[in-house]
Amino acid sequence: MIHFDDDRPIFIQIAEMLQDAILSGVYPEESQIPSITEFAVSCKINPATALKGINLLVDEGLLYKKRGLGMFVSPGAREQLRARRQESFYLDYIIPLLKEAARLGLGPKELQTMLERGYADHGNNTATSK
Amino acid sequence: MGITLQHLNKRFGDTLALDDVSLTFEGAKIYGLLGNNGAGKTTLLNLITNRIFADSGEILVDGEPAADNDNALGKIFMLGEKNLYPDGMKISAAFKAAAILYPHFDNEQALDLARRFGLDPRKKINSLSTGYASIFKLVIALSVHTPYLILDEPVLGLDAQHRDLFYQLLLEQYAEQPQTIIISTHLIAEVANLIEHTVIIREGRILRDQMSEELLSEGYTVSGAANLVDQYLSGRQVISCSSLGGLKTACLAGQPDQAALPDNLELGQLNLQDYFIQLMNKEDRDHE
């Protein structure tokens, strides 16, 4: 079951869900994604909303339509997403991390230690799962 | 294509149940009809289906006047509170009766849906519990295949599992063969993501008639430390506020002003149920 947040429009969340699935390889390049109907029914949303979310990825060149068959993941979509996410990583993760660290009174040294601990615990794991 | 209501008025004794209502339900869209008890929702729906008659005004179905017009009324199916079948009738017999009234009624589908909901078609309609009486009506509504489907409180008494199944079946059918669906319900959160267009009625008048997405983009929420929220609120159009200890959440009209927004405040989107409640509260205050 998919749950939506209240903080952003549903079609944006559908688009993000698809991007995540492409990035993690759930939908490999040149593979078909579920139909509008399947998205609508399983997420319990209006098909027009599902279409709007999917169309965002079409506009970005991440998906393309095969006439009469459905939507497919574009070649190079994963790399394109990875590059884009790397660019936004600073804003999406580092800035919020620093804000939370400031609220908790954690300084650069403590953060450094935590990062090293994170790599020691999970580093190999995340490095190989890409 | 569509159902058009033009300047409908309906009075019951001293009460003006509908006050100059003009609306269009376009083809192949899912509408939500929202309103508090006594707002006029069921009156409006009963007028569309010719169960009661307007004092003045006109209803057009695909351009044809609906009053006493079997062709126009045959395009509309309404699931309402009242059971329109004889009490002692068996469910399987009611399916056959529906097939006579609605030529596109799919009897096999009805039997299959009854099985999926655990409804025994050999039972008599008046022997059904509240929940199963609702299921019986839903099964017919999902099997009639009319261009217009009106659902007045469709999930009354249904358990969570059956409500879920119903919404899935409704969307499946809508995605494959779009029809105009009008859902009137108090369970706003459950249908919020289903409805493309929202109509809000209050005291017999149409208060809102808009795409749901547009409606929700009329405002936003801000939450965080009360002093920071208050600082942001000053000079802005505030719809409502709620606070819990030192935390405060405010609904505002318009678009967020990113430049003025302190870092530690969270931005959010209005959801349909909250929007509805806030709007009703505001109307209550304005008319005090």
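Residues numbered from 1 in each chain as written. Chains lettered and ligands numbered in written order. Predicted model: local features only at pLDDT ≥ 70, side-chain atom pairs only at ≥ 80, totals over all residues. Heavy atoms only, no water.

**Q** Got a minute to help me understand the overall build of chain A in this structure?
**A** The secondary structure content of chain A amounts to 5 helices and 2 strands. Reading the secondary structure of chain A in the N-to-C direction produces α-α-α-β-β-α-α. For 130 residues, the compact-globule formula gives about 14 Å, and the C-alpha radius of gyration of chain A, at 18 Å, lies well above that figure. Relative to its full complement of 130 residues, chain A shows a buried share of 30%. A separation threshold of at least 6 residues defines the contact pool for chain A, and within that pool the share at least 24 residues apart is 56%. Here chain A has roughly 8,400 Å² of accessible surface; of this, 57% comes from carbon and sulfur atoms. (Helix = DSSP H or I, 4+ residues; strand = E, 2+ residues; numbered from the N terminus. Rg over C-alpha atoms; globule rule 2.2 N^0.38 Å. Buried < 20%, exposed > 50% of the residue type's maximum accessible area, 1.4 Å probe, protein only. Contact = heavy atoms within 4.5 Å. Areas by Shrake-Rupley, 256 points an atom, 1.4 Å probe, with all protein chains shown as cover.)

**Q** How should the domain arrangement of chain B be read in this particular structure?
**A** One frequently used descriptor of interface size is the decrease in accessible area upon assembly of the parts. Per the domain assignment, the segments of chain B are domain 1 (2-214) and domain 2 (219-269). On a C-alpha basis, the centres of domain 1 of chain B and domain 2 of chain B stand 39 Å from each other. (Domains from an automatic or database assignment.)

**Q** Even after reading the chapter, I still don't get the pattern of salt bridges, so can you show me in this structure?
**A** Where charged atoms from two side chains of opposite charge approach closely, those side chains can pair. All chains considered together, the criterion is met by 20 salt bridges over all chains. Here Arg82(A) and Glu79(A) are joined by a salt bridge, their closest N and O atoms 3.5 Å apart. With Arg82(A) and Glu79(A) both in helix H4 (residues 77-104) and 3 residues apart, this pair spans about one turn of that helix. Between Glu26(B) and Lys29(B) there is a salt bridge, with the nearest N and O atoms lying 3.1 Å from each other. Here Lys29(B) falls in the buried class, since its relative accessible area comes to 15%. (Salt bridge = Lys/Arg side-chain N within 4 Å of Asp/Glu carboxyl O.)

**Q** What am I meant to see in the domain arrangement of chain A here?
**A** For chain A, the domain assignment lists domain 1 (10-75) and domain 2 (85-128). Centre-to-centre, using C-alpha coordinates, domain 1 of chain A lies 31 Å away from domain 2 of chain A.

**Q** Whenever I open this one, the interface of chain B and chain A confuses me. Can you help?
**A** In this complex, chain B contributes 20 residues to the contact, which on the side of chain A involves 18 residues. Taken together, the two surfaces of chain B and chain A that pack against each other cover about 1,500 Å², and 53% of this comes from carbon and sulfur. Here chain B is connected to chain A by 2 salt bridges. Asp164(B) serves as the salt-bridge partner of Lys44(A), at 2.2 Å between the closest nitrogen and oxygen. Between the two partners, chain B and chain A, sit 5 residue pairs in polar contact (both at pLDDT 80 or more). Listing elements by their share of the side of chain B that touches chain A, those giving two or more residues are helix H6 (160-176) and strand E14 (266-269) of chain B. (Buried area = accessible area lost by both parts, 1.4 Å probe. Polar contact = N/O pair within 3.5 Å; in protein donor to acceptor, adjacent residues only side chain to side chain.)

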